[in-house]
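Descriptive structure summary
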Amino acid sequence: MEKEKLQGFATRVTQANRSELVVIIYEAAIASIEEGKKFLLEDKVSEARKEIDRAKGLIEELMCSLEMKYGISHYLRQLYIYAGGELCQGIALRQPEFFDHALNILQKLLPSFQEVAKQDSSAPVMENTQQIYAGLTYGRGSLNETVAMGMDHSRGYEA
C-alpha cells in the first residue's frame, strides 16, 4: 500500500472512537486486498503476499475485537474466518478470484459499520493527541492543501 494511504489511515486512527476504528480497519483491509489482487495479476507475487498478509492481520484484528456476548458476533466471526481462508487460498493457488470472495464480504459489511460509526458520539480512543485541521486554499493558478497540527501543550506523558 502506498505510504500516503498508510499515513492517512494512521492519522484517522489518532482521532477515531471505537466504532470509527472498526470502519478504518475495514477500509484498510479492503484496500490491501485490492492492492494484493492488482499485484497478483501483474505477477508480483511477493508484493501480493505482503498486502494479503496485511489484510489477514486486519481481519484477525476484527475477529479479536468482537464481543462474543452478542449473538451477531458469532456470525461475524464465521465470516471473518471464511474471508481469511479465501485470502490464504488465493495467494497459495495464485488465483485472485478467491480475493473477490473476501472483498465481497467486507464491502457488504462496511456500510453497516459506517452507519454505526455515524451514530457513535463517544470520545476518541487515543488521548493526548494533537488535533488535525486540513483544508484547501486557492493560490494564483493553483490549489494548495494545508494540514495544521493543533498546538496542544498536554500532548505526551504527564508527570
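Residues numbered from 1 in each chain as written. Predicted model: local features only at pLDDT ≥ 70, side-chain atom pairs only at ≥ 80, totals over all residues. Heavy atoms only, no water.

Attention shifts here to the nonpolar core. Ranked by internal contacts, the top residues of the largest apolar core, which has 36 residues, are Tyr26, Ile33, Tyr80, Leu87, Phe99 and Leu106. The set of elements that each furnish at least two residues to this core consists of helix 2 (18–41), helix 3 (45–64), helix 4 (71–93) and helix 5 (97–119). With 12 residues, the single largest contributor to this core is helix 2. Sequence-distant contacts of Leu106, that is, excluding residues within four places in its chain, are made with Tyr26, Ala29, Ile30, Ile33 and Ile59. (Core = buried A, V, L, I, M, F, W, Y, C linked by side-chain atoms within 4.5 Å. Buried < 20%, exposed > 50% of the residue type's maximum accessible area, 1.4 Å probe, protein only. Helix = DSSP H or I, 4+ residues; strand = E, 2+ residues; numbered from the N terminus. Contact = heavy atoms within 4.5 Å.)

Next up on the list: the layout of surface pockets. Reported here for the largest pocket is a volume of approximately 660 Å³. Surrounding the largest pocket, 20 residues form its lining, Arg18, Val22, Ser65, Glu67 and Phe113 being those nearest its centre. Of all elements in the fold, only helix 2, helix 3, helix 4 and helix 5 reach the threshold of two or more residues within the lining of the largest pocket. (1 Å grid on protein atoms, 1.4 Å probe; cavity = no way out; pocket = protein on both sides within 12 Å on 5 of 7 lines; lining within 4 Å. Points joined across faces, edges and corners; volume = space filled by probe spheres on them.)

Where helix 4 meets helix 5, the closest approach of the two axes is 7 Å, and the angle between their N-to-C directions is 150°. The orientation of helix 4 with respect to helix 5, classified from their angle, is roughly antiparallel. Pair helix 4 / helix 5 crosses with left-handed handedness. Listed contacts from helix 5 to Leu76, Leu79, Tyr80, Tyr82, Ala83, Glu86, Leu87, Gln89, Gly90, Ile91 and Leu93 of helix 4 are Phe98, Phe99, His101, Ala102, Ile105, Leu109 and Phe113. Residue composition of the contact of helix 4 with helix 5, grouped by class: 14 nonpolar, 3 polar and 1 charged. (Axes fitted to C-alpha atoms, helices over the stretch in contact; angles between N-to-C directions. Parallel < 35°, antiparallel > 145°, perpendicular 65-115°, else oblique. Left-handed = near helix turned anticlockwise from the far one by under 90°. Nonpolar A, V, L, I, M, F, W, Y, C, P; charged D, E, K, R; others polar.)

Under the counting rule described, the total for this entry stands at 9 salt bridges. Here Arg54 makes a salt bridge to Glu51, at a shortest N to O gap of 3.0 Å. With Arg54 and Glu51 both in helix 3, this residue pair falls 3 residues apart, about one helical turn. Residue classification places Arg54 among the partly exposed residues on the basis of a relative accessible area of 25%. In this structure, Lys118 engages Glu115 in a salt bridge whose closest nitrogen and oxygen atoms are separated by 3.9 Å. Within this pair, Lys118 and its partner Glu115 are both found in helix 5, separated by 3 residues, close to a single helical turn. Here the salt bridges do not stand alone but share partners, grouping Arg18, Glu67 and Lys69 into one network. (Salt bridge = Lys/Arg side-chain N within 4 Å of Asp/Glu carboxyl O.)

Among the structural elements, Asn17 can be located in the loop between helix 1 (3–15) and helix 2. In this structure the side chain of Asn17 is engaged in a polar contact, spanning 2.9 Å, whose partner is the backbone nitrogen of Glu20. At 3.4 Å, the side chain of Asn17 forms a polar contact with the backbone oxygen of Ser122. Ignoring any residue separated from it by four or fewer positions in sequence, one finds Asn17 in contact with Asp120, Ser122, Ala123, Pro124 and Val125. (Polar contact = N/O pair within 3.5 Å; in protein donor to acceptor, adjacent residues only side chain to side chain.)

This part is about a nonpolar patch on the surface. There is a patch of nonpolar side chains on the surface, built from Tyr70, Ile72 and Tyr75 and spanning about 400 Å² of accessible area. Along the polypeptide, Tyr70 turns up in the loop between helix 3 and helix 4. In this structure Tyr70 comes out as partly exposed when scored by relative accessible area, which is 46%. (Patch = residues over 30% accessible without salt bridge, like charges linked within 9 Å, V, L, I, M, F, W, Y side chains within 5 Å. Areas by Shrake-Rupley, 256 points an atom, 1.4 Å probe, with all protein chains shown as cover.)

The next subject is the packing of aromatic side chains. Any pair of aromatic rings gets described here by the distance separating the centres and the angle formed by the planes. Within this structure, the stated rule accounts for 2 aromatic pairs. Lying across the ring of Phe39, Lys38 places its NZ or CZ 5.1 Å from the centre. (Phe/Tyr/Trp six-rings, centres within 6.5 Å; stacked < 30°, edge-to-face > 60°. Lys NZ or Arg CZ within 6 Å of the ring centre and 35° of its normal.)

This part takes up the packing of helix 2 against helix 5. Helices that pack against each other are described as a pair by the angle of their axes relative to one another and the distance between those axes. The geometry of helix 2 relative to helix 5 is characterised by a closest axis approach of 9 Å and an angle of 155° between their N-to-C directions. Judged by the inter-axis angle, helix 2 sits roughly antiparallel to helix 5. As helix 2 packs across helix 5, the resulting crossing turns out to be left-handed.

Read these as geometric descriptors, not functional statements.
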